[in-house]
Amino acid sequence: MTTIFLKQGRDHTVLRHHPWIFSGGVARCEGGEPAAGDTVQVCDVAGALLGQGAWSPTSQIRVRMWTFGEGGVVDAAFFEQRIAAALAARAALPPARCATNAMRLVNAESDGLPGLVVDRYADFLVCQFTAVGVERWKAEIVAALAKLCPCAGIYERSDLDVREREGLPLVAGVLAGETPPDLVEIQENACHYGVDVKQGHKTGFYLDQRENRATVAGYAAGREVLNAFAYTGGFGIAALQAGATSAVHVDMSAPSLALARANAARNGIEASRSETIEGNVFEVLRKFRDARRMFDLIVLDPPKFVESKGHLMAAARGYKDINLLGIKLLRPGGILATCSCSGLMPTELFQKIVTDAACDARREVHLLQRLEQAPDHAESLAFAEGHYLKGLLCRVS
Ligand code: SAH
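Overview of the structure. Quantities reported herein were computed from a predicted structural model and do not represent experimental measurements. (Residues numbered from 1 in each chain as written. Predicted model: local features only at pLDDT ≥ 70, side-chain atom pairs only at ≥ 80, totals over all residues. Heavy atoms only, no water.)

## Examining the packing of helix α2 (residues 76-91) against helix α4 (residues 138-148)
The test is simple: To obtain an axis, a line is fitted to C-alpha atoms, over the contacting stretch when the element is a helix, and the angle between two such axes runs from 0 to 180 degrees between their N-to-C directions. Helix and strand assignments come from DSSP, with helices taken as H or I runs of at least 4 residues and strands as E runs of at least 2, each series counted from the N terminus. Note on angle classes: values under 35 degrees are labelled roughly parallel, values over 145 roughly antiparallel, values of 65 to 115 roughly perpendicular, and the remainder oblique. Rotating anticlockwise by less than a right angle from the far helix to the near helix defines a left-handed crossing, while the corresponding clockwise rotation defines a right-handed one. Here, two residues are considered to be in contact whenever any of their heavy atoms come within 4.5 Å of each other. Classification convention: Asp, Glu, Lys, Arg as charged; Ala, Val, Leu, Ile, Met, Phe, Trp, Tyr, Cys, Pro as nonpolar; all other residues, Gly among them, as polar.
Two numbers describe how α2 lies on α4: the axes approach to 9 Å, and their chain directions differ by 45°. Taken as axis vectors, α2 and α4 run oblique relative to one another. Here α2 and α4 pass one another in a crossing that is right-handed. Two secondary-structure elements touch here, α2 through A76, F79, E80, I83, A84 and L87 and α4 through E140, I141, A144, L145, K147 and L148. Split into classes, the residues belonging to the contact of α2 with α4 amount to 9 nonpolar, no polar and 3 charged.

Quick look at the structure:
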């Protein structure tokens with residue numbers, strides 16, 4: 001096995017169990033240049049063993065750690081153990097926090113499996129392999145999943161751009177068992193959703209917002225809801241099921257809105273209560289403002305605006321814009337649920353942006369509750385990058 005020696009002072013993060021070693025931290029390799037995905041030993045500058053990781057020659061993240069400290073063998077049994085531990089952690093969640101048959105089973109770095117996401121949707125598992133390390137061990141990982149998680153089929157959605165940084169092709173397809181149907185029906189609390197695991201975003205559904213949909217639903221009775229960045233209806237349908245008088249779902253994706261309409265019907269919601277508008281949220285909110293159309297509950301759940309640190313200020317302007325418009329569109333006493341799923345957007349800065357928006361709108365805003373990613377997406381405290389979803393649930397006077 002090749003041994004990688006880190007530069008002076010580059011061992012601190014590894015000693016704190018952060019799983020990434022950047023290319024600039026590597027001093028030299030001993031024992032030959034490793035191939036993509038090979039397991040390498042990682043040592044500090046003095047030669048003390050820090051652990052083992054997967055070598056990724058094309059990525060800035062040159063090594064993703066599998067183990068820390070001495071010992072441990074990275075083999076099929078290692079992956080089976082890590083997956084079993086991830087499953088046990090989900091099984092230990094309180095039932096009330098996951099009244100669903102859809103959840104994240106393996107959350108990549110935060111479950112000690114850098115680059116591997118596994119989500120369950122009813123009888124199907126959907127996986128993403130985003131790094132060469134897990135790609136190398138795909139067969140062993142699929143075998144472990146088939147053994148530990150009874151399911152009808154295991155489907156792969158490794159069609160993400162980040163694969164290119166790892167020198168991997170974008171692929172999707174069946175890994176084991178049956179092909180999923182075009183829509184897999186899942187249940188989340190009181191709602192049923194059809195999920196397109198083959199073509200939908202991510203692995204098909206924004207499971208990380210499960211608890212936040214339930215929280216928002218708790219405020220929804222008797223309210224007119226605007227569900228901005230609606231995708232397949234998630235928040236709006238949860239609100240309607242909980243007694244909202246109406247919901248308007250806005251998204252720029254026609255197929256997502258078609259599924260939002262089907263999801264409303266699936267839950268027995270009359271079409272008249274659940275309107276879809278295909279368009280750019282930035283423009284639609286302005287049209288509502290100009291038409292003086294008001295709402296009692298607004299959800300703002302945009303996609304990731306911050307792709308890199310250089311995008312932060314432009315993203316901040318985008319968040320400010322939609323939050324300012326959103327606050328203005330709320331009747332007094334209205335509820336705003338505003339989110340950012342950008343890992344690079346600091347929670348404090350996001351709150352400052354919403355505060356500035358409230359100030360500019362001349363409205364008094366109270367924070368009722370912070371919103372977080374659901375506990376099946378728990379982040380390891382050693383891996384701060386694992387915390388990406390943040391939100392504020394506010395009352396707007
Ligand atoms: N709230 C959803 C998930 C939203 S994902 C849920 O709980 O399931 C973000 C969505 O925003 C995607 O569906 C994407 O199509 C949409 N989107 C991205 N930019 C947009 C824009 N400028 N205007 C309208 N929709 C947009």
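## Thoughts on the site of the ligand
To keep things clear, this is the line we draw: When at least one non-hydrogen atom of a residue lies within 4 Å of a molecule or strand, that residue is treated as near it. In the analysis that follows, any N or O atom pair within 3.5 Å is treated as a polar contact, provided that within protein one partner can donate a hydrogen and the other can accept it, and provided that, for residues neighboring in sequence, both atoms belong to side chains. Methods summary: accessible areas were calculated by the Shrake-Rupley approach with a probe of 1.4 Å, and residue burial reflects only the protein chains presented.
With respect to spatial proximity, 15 residues lie near the ligand, and among them R213, D251, N280, V281 and D301 are the closest. Side-chain polar atom of R213 to an oxygen atom of the ligand: 2.9 Å apart, as the coordinates give it. Note that a nitrogen atom of the ligand is positioned 2.6 Å from one of the side-chain N or O atoms of D301. Taken by itself the ligand offers 580 Å² of open surface, and the protein chains cover 93% of this. Within the shell around the ligand, the residues separate by chemical class into 8 nonpolar, 4 polar and 3 charged.

## Quick word on empty space enclosed by the protein
Inclusion rule: Points on a 1 Å grid over protein atoms alone make up a cavity when a 1.4 Å probe fits among them but cannot get out, and a pocket when they form an open set with protein on both sides within 12 Å along at least five of seven lines; lining residues each have an atom within 4 Å of a point. Grid points are joined across faces, edges and corners, and a volume is the space filled by probe spheres set on the points.
Counted by the stated rule, this structure contains 1 cavity of 30 Å³ or more. Considering the residues around the largest cavity, the lining is formed by T347, F350, R370, L371, E372, K390, G391 and L392. Of all the secondary structure elements, the ones that give two or more residues to the lining of the largest cavity are α11 (347-361), β19 (365-372) and β20 (390-396). A class-by-class count of the residues in the lining of the largest cavity yields 3 nonpolar, 2 polar and 3 charged.

## Looking at the packing of aromatic side chains
Counted only if it meets this: For Phe, Tyr and Trp, rings pair up if their centres lie within 6.5 Å, where Trp contributes its six-membered ring, and each pair is then called stacked (planes under 30 degrees apart), edge-to-face (over 60) or tilted (otherwise). Only protein chains enter the accessibility calculation, which uses a 1.4 Å probe. A residue is then buried if its area is under 20% of the maximum for its type, exposed if over 50%, and partly exposed in between. Two thresholds decide whether a charge sits over a ring: the Lys NZ or Arg CZ must be within 6 Å of the ring centre and within 35 degrees of the ring normal.
For the coordinates displayed, the defined rule picks out 12 aromatic pairs. The interplanar angle of 35° and the centroid separation of 6.1 Å between the aromatic rings of F282 and F305 together place this pair among those described as tilted. Here the residue F282 occupies a position in helix α9 (residues 281-290), and F305 occupies one in the loop between β17 (295-300) and α10 (312-328), the gap between them amounting to 23 residues. Residue classification places F282 among the partly exposed residues on the basis of a relative accessible area of 24%. Measuring from centroid to centroid gives 4.7 Å for F305 and Y319, while their planes differ by 45°, and the two rings are tilted. In this pair, F305 is assigned in the loop between β17 and α10 and Y319 in helix α10, connecting sequence segments 14 residues apart. Look at Y319 and you get buried, because its relative accessible area is 0%. An aromatic cluster is defined as three or more aromatic residues linked by ring pairs; in this entry it consists of W66, F78, F79 and W137. Here R62 stacks its cationic end above the ring of W55, 6.0 Å away from the centre of that ring. One cation-aromatic arrangement involves K138 over F129; the distance from NZ or CZ to the ring centre is 4.9 Å.

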